[in-house]
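A structural walkthrough
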Amino acid sequence: MGSYRVCLCFKRHFKSDAARVEDVEKLFTAYSENGQMSFKNLQSFLVEVQGQRDATEKDAENIVEALRRRAVRHRRELNSVDFSIFLFNDDLNNALESKVHHDMTAPLSHYFIYTGHNSYLTGNQLSSDCSDVPIINALKRGVRVIELDIWPNSSKDDILVLHGRTLTAPVEFIKCLESIKMHAFVVSQYPVIITLEDHLTRDLQAKAATMITQTFGELLYYPDSEIMEEFPTPESLKGRILISTKPPKEYLESKPAEVEENEEKLKMKTPDEEPWGDEIPEYGADVANEGKNSYATGSIAEDSDDDEGSIQRNTDKDAAPEYKRLITIRAGKPKGESLKAALSVDEKQEVKRLSLSEPQLEKVASSHSKHLVRFTQKNFLRVYPKGTRITSSNYNPLIAWIHGAQMVALNMQGYGRPLWLVHGFFRANGGCGYVKKPDFLLPKGSETDDQNIFDPKAERPVKNTLKIKIYMGDGWNQEFKKTHFDTYSPPDFYTRVGIAGVPADTVMKKTKAIEDRWTPYWNEEFVFPLTVPELALLRIEVHEYDMSEKDDFAGQTCLPVTELKSGIRTIPLHNKKGEKYKSVRLLVRIELI
């Protein structure tokens, strides 16, 4: 029994014992004999309830041995307590596959790739420090695309990384390269792509090429020929580093008026920049009707978030040859070309990369979504945050994934619901940073036949139904102080559970709040019909109900639906920054019909 003192006058008593899960008790009874579960019994449970069809008696023995090593038990069979401990162990009974299991032998353009935006920034886009630390942190999380803005120093004889025309303090280019080399393959062996926003003179391009080749050595990959009709595969590029950049632009000094304008923007706090962000906007909710017809005539400078107004002095032909030959993924859109022309696909055309800001993507997607999908079947599309996200907030990445965009760049140094989606999306495929696109986003038949192109807006029948039963949660009393959520009583937890995906599938629901329990027992089931399960994410958030103030955050996670294991599973929760709690977890039952 827990004890809390109120007003120093009297004591209120609350139950603190863990709620017993009825379904778990029934299953233990069904798969045990005389109160003991043998290896053979446990194997049957793994096969019949957990859906692990290939589970062997040896696998069951390994589970029991793992529990024994953790000093949880010393018997060769499991009793009901041991069985519950096993189910609530996220190492032994996690809801996701922990190994790479997608086909990794397709061209790079057939994969979604974990991508960062302005990877060197420690905070906001205007005045935070530039450092290699955020780059290291991103690589440790599994990010595979690192973005560096490279500029000359004041004496024009060295290269710095900074956010141009802002007050950000620079970091040396060579320091960033060395940190990338050291940490590139700590989490994943699949290739790291460095996207360079190049503002260098020809001489400094040559110096950059020397730095890159000397730092990475044999890790660096670049093609033998300048013309590439198909990208290489992730499997063939294991342990390699690639460079992607655009035609070079001349360095432009910072404009004081522009810096002042950005400072004013920084002072303005928009709703999606609250502590963990407002609810994720629906597809198209932020797009006004204006500009819908700009698709055929509108144009955009490549990566214009970073180099609008730059003077294009050096043409691609004038670029330093030793620098030019290092580029594997070329951002080849000529300045002033219409978006329609930029998104055109020619089977004989070399593959390339195009970048669009989030508003530009939504405008094109609103009226020409199939053109986007066709383009991304062979070429790279990179999407980046709009320039007004001064505080490093983020956008809903789903619209980009729905249209096949491979590089959906988010500010990794921030936190909030859009970033939680990205963290969850790339938990797929063993967390290696590469997720194979579903077949409907890949080339099929003639590229010019619209019948074979996925239409993100089309209505579709239900393909799968996800059933998830939220049994209980535990671990908050080990992670937080007694008074963290409520000064005078245990917390009143409730769970929000739903789907992020195509508009037809997107929904959020919630359980009832369980009063005065550190170990809440909800026992509520939710059913989610899914039209495109391949792009659906299961969203879970736990909050503590507060009658007089804003509800407190108590944990979150996002999980790719098609990667979920069936049966009774443990789901660990994460904090606002996406870092996994040591102890906080939920016990759930998952069924994908």
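Located above this text is the structure these notes cover.
Residues numbered from 1 in each chain as written. Predicted model: local features only at pLDDT ≥ 70, side-chain atom pairs only at ≥ 80, totals over all residues. Heavy atoms only, no water.

Judged by pairing direction, the sheet is mixed, and its 6 strands sit side by side in the order β6-β5-β4-β7-β8-β9 without closing on themselves. Two strands in the sheet have a free side with no partner beyond their single neighbour: β6 (171-172) and β9 (327-330). Where strand β4 (residues 145-152) meets strand β5 (residues 159-161), 3 bridges bridge the pair, whose relative direction is antiparallel. Among the inter-strand pairings, I150 is bridged to a residue of β5, identified as V161. Of the strands in this sheet, β4, β5, β7 (192-198) and β8 (241-245) touch helix α7 (residues 202-216), which is tilted by about 70 degrees from β5. (Pairing = 2+ DSSP bridges. Helix = DSSP H or I, 4+ residues; strand = E, 2+ residues; numbered from the N terminus. Contact = heavy atoms within 4.5 Å. Axes fitted to C-alpha atoms, helices over the stretch in contact; angles between N-to-C directions.)

This model, assessed by the stated rule, comprises 19 aromatic pairs. An aromatic cluster is present here, built from W476, F480, F485, F493, W518 and Y581 joined pairwise through their rings. Looking at K510, its charged tip hangs above the ring of Y494, at a distance of 5.1 Å from the centre. (Phe/Tyr/Trp six-rings, centres within 6.5 Å; stacked < 30°, edge-to-face > 60°. Lys NZ or Arg CZ within 6 Å of the ring centre and 35° of its normal.)

Let's shift gears to the environment of E563. With respect to the element layout, E563 can be found in the loop between β19 (552-560) and β20 (567-574). Through-space distance from the C-alpha of E563 to that of A428 is 6.4 Å; in sequence the pair is 135 residues apart. The contact partners of E563, leaving out residues within four places of it in the chain, are A95, L96, E97, H101, H102, A428 and N429. Of the polar contacts made by the side chain of E563, one reaches the side chain of H102; its length is 2.8 Å. (Polar contact = N/O pair within 3.5 Å; in protein donor to acceptor, adjacent residues only side chain to side chain.)

Positionally, G475 belongs in the loop between β14 (464-474) and α15 (476-479). Look at G475 and you get buried, because its relative accessible area is 0%. Beyond its immediate sequence surroundings of up to four residues, G475 is in contact with S583, V584 and R585. (Buried < 20%, exposed > 50% of the residue type's maximum accessible area, 1.4 Å probe, protein only.)

With that settled, the discussion passes to the side chain of S244. Among the secondary structure elements, S244 is positioned in strand β8. A residue is classified by how much of its surface remains accessible, and S244, at 0% relative accessible area, is buried. Ignoring sequence-local partners within four residues, the contact set of S244 consists of I193, I194, T195, L196, I327, I329 and R353.

This part covers the nonpolar core. Counting residues in each nonpolar core, the largest one holds 114 residues, and the members touching the most others are L148, F173, I180, I194, I468 and W476. The element that contributes the greatest number of residues to this core is α7, accounting for 7 residues. Both domain 1 (110-248 + 322-333 + 347-441) and domain 2 (462-592) contribute no fewer than three residues apiece to this core. Residues in contact with I468, not counting those within four places in the same chain, are V497, E524, E525, F526, F528, L538, I540, V588, R589 and I590. With 25 residues, the next largest nonpolar core counts L46, V64, F88 and Y471 among its residues. (Core = buried A, V, L, I, M, F, W, Y, C linked by side-chain atoms within 4.5 Å. Domains from an automatic or database assignment.)

Turning next to the state of the cysteines. Here the structure, examined in full by the defined rule, presents 0 disulfides. For C130, which is in no disulfide, the shortest distance to another cysteine sulfur is to C176 and amounts to 8.2 Å. A relative accessible area of 0% means that C176 is categorised as buried. (Disulfide = S-S within 2.5 Å.)

The subject of this paragraph is helix α5 (residues 133-141). Three or more residues of α5 are buried, namely P134, I135, I136, A138 and L139. A positive backbone phi angle near 110 degrees is found at G142, which sits one or two residues after α5.

Attention now goes to helix α2 (residues 39-48). By the burial criterion, the buried members of α2 are F39, N41, L42, Q43, F45 and L46. Buried residues along α2 sit against α1 (22-30), α3 (57-69) and α4 (80-87).

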